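# Descriptive structure summary
Each chain is listed here by its residues.
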Amino acid sequence: MDNEILKRLNSASAEQRLAELKAVISNEKEKPPVLNEYANNHIHTKYSFSPYSPTAAVFFARQAGLATAGIMDHDSISGAREFIEAGKTAGVATTIGLECRVSLAGTALEGKRVNNPDQKSVAYMALHGVPHQNIEYLNDFFAPLREKRNIRNKKMVENINALVSGCGIILNFEKDVIPLSNYSEGGSVTERHILYALALKIAEKYPRNTAAFLENELGVPLSEKQKNQMNDTRSGYFTYDLLGILKGAFIKKIYVDADEELLHISELSALAKKIDALLCYAYLGDVTNSVTGDKIAQKFEDDYLEELFEILRHQNVDAVTYMPSRNTPEQLKRVMELCKKFGFFEISGEDINSPRQSFICGELAKPEFSHLIKATWTLIEREKELSTDY
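In this numbering scheme, every chain counts its residues from 1 along its sequence in written order. Under the rules for a predicted model, residues below a pLDDT of 70 receive no local features and side-chain atom pairs below 80 are neither given nor counted, while totals for whole chains, interfaces and linings still include all residues. Hydrogens and water are ignored here; the side-chain numbers use all heavy atoms of the structure.

It is worth spelling out the pairing of strand 6 (residues 319-322) at this point. Three labels apply to residues, based on accessible area from a 1.4 Å probe with only protein chains included: buried if under 20% of the type maximum, exposed if over 50%, partly exposed otherwise in between. For the purposes of this entry, the term helix denotes a DSSP run of H or I that reaches at least four residues, the term strand denotes a run of E that reaches at least two, and both are numbered from the N terminus. Residues Ala319 and Thr321 line one face of strand 6 and the alternating positions Val320 and Tyr322 line the opposite face, and both faces are buried. Across 3 bridges, the pairing between strand 5 (residues 278-282) and strand 6 is parallel. Bridge pairing in strand 6 links Ala282 to Thr321. Pairing of strand 6 with strand 7 (residues 345-348) involves 4 bridges; the strand directions are parallel. The pairing criterion is simple: DSSP has to find at least two bridges between the two strands.

With that settled, consider the packing of helix 2 (residues 14-26) against helix 4 (residues 80-90). Their axes nearest at 10 Å, the elements helix 2 and helix 4 cross at an angle of 15 degrees. Here helix 4 runs roughly parallel to helix 2, going by the angle between their axes. The element helix 2 and its partner helix 4 pack so that their crossing is right-handed. Contacts from Ala14, Arg17, Leu18, Leu21, Lys22 and Ile25 in helix 2 reach Glu82, Glu85, Ala86, Thr89 and Ala90 in helix 4. Class assignment for the residues of the contact of helix 2 with helix 4 results in 6 nonpolar, 1 polar and 4 charged. Note on geometry: axes are C-alpha line fits, over the in-contact stretch for helices, and angles between N-to-C directions span 0 to 180 degrees. Note that the term roughly parallel is reserved for angles under 35 degrees, roughly antiparallel for angles over 145, roughly perpendicular for angles of 65 to 115, and oblique for everything else. Two helices that cross are described as forming a left-handed crossing if the nearer one is turned anticlockwise from the farther one by less than a right angle, and a right-handed crossing if clockwise. Contacts are residue-level and defined by heavy atoms, with any inter-residue pair within 4.5 Å sufficient. Each residue gets one of three labels, nonpolar for Ala, Val, Leu, Ile, Met, Phe, Trp, Tyr, Cys and Pro, charged for Asp, Glu, Lys and Arg, and polar for the others, Gly among them.

Closest axis-to-axis distance for the helix 5 (residues 135-164)/helix 11 (residues 265-275) pair is 11 Å, and the angle between their directions is 160 degrees. One way to sum up the angle between helix 5 and helix 11 is to call them roughly antiparallel. Between helix 5 and helix 11 lies a crossing of right-handed hand. Judged by residue contacts, Tyr137, Leu138, Phe141 and Phe142 of helix 5 engage Leu268, Leu271, Lys274 and Ile275 from helix 11. By residue class, the composition of the contact of helix 5 with helix 11 is 7 nonpolar, no polar and 1 charged.

The buried fraction of strand 1 (residues 68-74) amounts to 7 of the 7 residues, a majority that puts the element mostly inside the structure. The alternating pattern of strand 1 places Thr68, Gly70, Met72 and His74 on one face and Ala69, Ile71 and Asp73 on the opposite face, and all of these are buried. Bridge count for strand 1 against strand 2 (residues 93-103) is 7 bridges, and the pairing is parallel. Note on strand 2: the bridge partner recorded for Asp73 is Leu98.

The criterion for an aromatic pair is that two Phe, Tyr or Trp rings (for Trp, the six-membered ring) have centres within 6.5 Å, with stacked assigned to planes under 30 degrees apart, edge-to-face to planes over 60 apart and tilted to the rest. Applying the stated criterion to the full structure yields 12 aromatic pairs. Arranged with centres 6.2 Å apart and planes meeting at 20 degrees, the rings of Phe342 and Phe344 form a pair that is stacked. Judged on exposure class, the residue Phe342 and its partner Phe344 are both buried. Ring pairs connect the aromatic residues Tyr52, Phe59, Phe60 and Phe359, which therefore count as one cluster. Charge-over-ring placement is defined geometrically: NZ (Lys) or CZ (Arg) within 6 Å of the ring centre, and within 35 degrees of the ring normal. Sitting above the plane of the Tyr304 ring, Lys112 keeps its charged end 4.6 Å from the centroid.

What follows is about the environment of Ala365. Residue placement: Ala365 occurs in the loop between strand 7 and helix 14 (370-386). Of the residues examined, Ala365 reaches a relative accessible area of 41% and is grouped as partly exposed. Between the alpha carbons of Ala365 and Val58 there is a distance of 21 Å; along the sequence they are 307 residues apart. For Ala365, the residues in contact, after removing those within four places along its chain, are Glu37 and Tyr38.

The next thing to look at is the pattern of salt bridges. When a carboxyl oxygen of Asp or Glu lies within 4 Å of a side-chain nitrogen of Lys or Arg, that pair is called a salt bridge. In this structure the tally under the stated criterion is 19 salt bridges. For the salt bridge of Glu191 with Arg149, the shortest nitrogen-to-oxygen distance reads 3.1 Å. Of this pair, Glu191 sits in helix 7 (residues 191-205) while Arg149 sits in helix 5; the two residues are 42 residues apart in sequence, bridging distant segments of the chain. Residue Arg149 is classed as buried on the basis of its relative accessible area of 4%.

What follows covers the state of the cysteines. We call a pair of cysteine sulfur atoms a disulfide when they lie within 2.5 Å. What the rule picks out here adds up to 0 disulfides. Free cysteine Cys339: the closest other cysteine sulfur is in Cys280, separated by 8.7 Å.

A word on helix 11. Within helix 11 the residues assigned to the buried category are Ile265, Leu268, Ser269, Leu271, Ala272 and Ile275. For helix 11, the angular spread of buried residues about the axis comes to 165 degrees, placing them on one side. Along helix 11, the residues that are exposed and aim more than 90 degrees away from the buried face are Lys273 and Lys274. Contacts from the buried residues of helix 11 go to strand 2, strand 3 (122-128), helix 5, strand 4 (263-264), strand 5 and helix 12 (305-314). Downstream of helix 11 by a residue or two, Asp276 has a phi angle that is positive, lying close to 60 degrees. The arc in question is the one spanned by the directions pointing from the helix axis to the C-beta atoms.

Shown next as structure tokens:
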């Protein structure tokens, strides 16, 4: 990745970022090759947590060979207009959406761990293909929920301080966490922001012996791979690698259950219908030996997947999204078969929130996933047709 270009495309304002994109593209000696066998409809930006502004996300998706790109931020669609304009400049077809957690209280799924590793009776859902005239309405709808989420965020900061204050580290939500986000511009603040703020504090205080601090002071066991990462302080991935370690070690200790910030699944279903967006369930699947190596062994929805799909259909869910690189062939075959049985539209995307991640999911080049590429273009055309200000 060209860090200088990333810095330019992460400039202070959307106008500056888009202007920089035009300049960067105009100076290209040749366009990057287009790899039409790939797509990604789940790219996070700085409006939730990511190293990329919406403009940078489009550019680096294009550099990776994508002809299309989809924005998917948590509880926010504030980056959508910039993302769309960047797509026009870069010649990348775009699709926009929003991801959120929903409550399953009162349904047959209450008390079950569905696709959320941190909390039972709560599921991750997405709104895909939002018509452009409804961007501001949707973002305003989620604004009070983002504020309620910050009440919980502050409690998690307090929990972190209870764990690390004895090591001379204190986090301040307003001074240390909020500035890492685009909250003032309608973005959300997530658990990753909080843990990234902690990562920055640790890196500043213990720059040469981070691994020893984690193991000896915080009691975090490290693999050889993680020790090597923590010893490579010059790596452009260092703080993101440290974030990953902290997330694995601390999230269960600091997590505060989401409550008031959650829509009920029925409310999100009604909202999707009102704004003509596709309501989408994000399949996770049981984790045994993690395909990607970034998840602990844990049971999710596989034991009752058919029952789950029946409930989703009853809640007027339109689609299921899944990531072929994150599941076994057996899991993927079953999901695809059930999507056909229940008539769910299928969407795919790799959630990009770290510079280590590739915008390309190699598995999509396999023939059995070619329908996901066709579905992406169908999604884009649907969004275009429903957008009165396209």
